[in-house]
Amino acid sequence: MLIARAELRADKGRTSAAFADFDLVLSTSIQTDAIAERALYGRATCRAKSGDWNGARGDFQKYINTFPQGRFARDARSALAAQIR
């Protein structure tokens, strides 16, 4: 449920609240790879939207390292490439 709330908050532009939820999901010991994948990508996008490019870059890179064939891998790579330009 927490991941869904985080994603909804992010979609509505409430990045601080979404970031807190994503962080909470990632800090719990009970998570599936699918939930962790969504939370890590979500946190990265929230960081990017709020201008925290160093944090976003770290999360996008961690996402790619952890989920190289993941659902958001292409988007994460694109976000990193856009920052290099």
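Details of the structure are given in the entry above.
Note that this is a predicted model, so its numbers are computed, not measured. (Residues numbered from 1 in each chain as written. Predicted model: local features only at pLDDT ≥ 70, side-chain atom pairs only at ≥ 80, totals over all residues. Heavy atoms only, no water.)

> Quick one: what's the story with helix H2 (residues 15-27), residue by residue and with numbers?
Taking 1.5 Å as the rise per residue, H2 with 13 residues should run 18 Å; its terminal C-alpha atoms sit 18 Å apart, in good agreement. Looking at H2, one finds that the buried residues are Thr15, Ala17, Ala18, Asp21, Phe22 and Val25. Seen along its axis, H2 keeps its buried residues to an arc of 160°; they face one direction. Exposed side chains of H2 directed beyond 90 degrees from the buried face belong to Ser16 and Ser27. The secondary structure elements touched by the buried residues of H2 are helix H1 (2-11) and helix H3 (33-49). (Helix = DSSP H or I, 4+ residues; strand = E, 2+ residues; numbered from the N terminus. Expected span 1.5 Å × (residues − 1). Buried < 20%, exposed > 50% of the residue type's maximum accessible area, 1.4 Å probe, protein only. Arc of directions from axis to C-beta. Contact = heavy atoms within 4.5 Å.)

> Lay out the side chain of Asp21 in plain terms, naming residues and giving numbers.
With respect to the helices and strands, the residue Asp21 is situated in helix H2. Judged by its relative accessible area of 4%, Asp21 is buried. Within the structure, the side chain of Asp21 is placed 3.0 Å from the side chain of Arg9, a separation counted as a polar contact. Every residue in contact with Asp21, bar those within four places of it in the chain, is listed here: Leu2, Arg5, Ala6 and Arg9. (Polar contact = N/O pair within 3.5 Å; in protein donor to acceptor, adjacent residues only side chain to side chain.)

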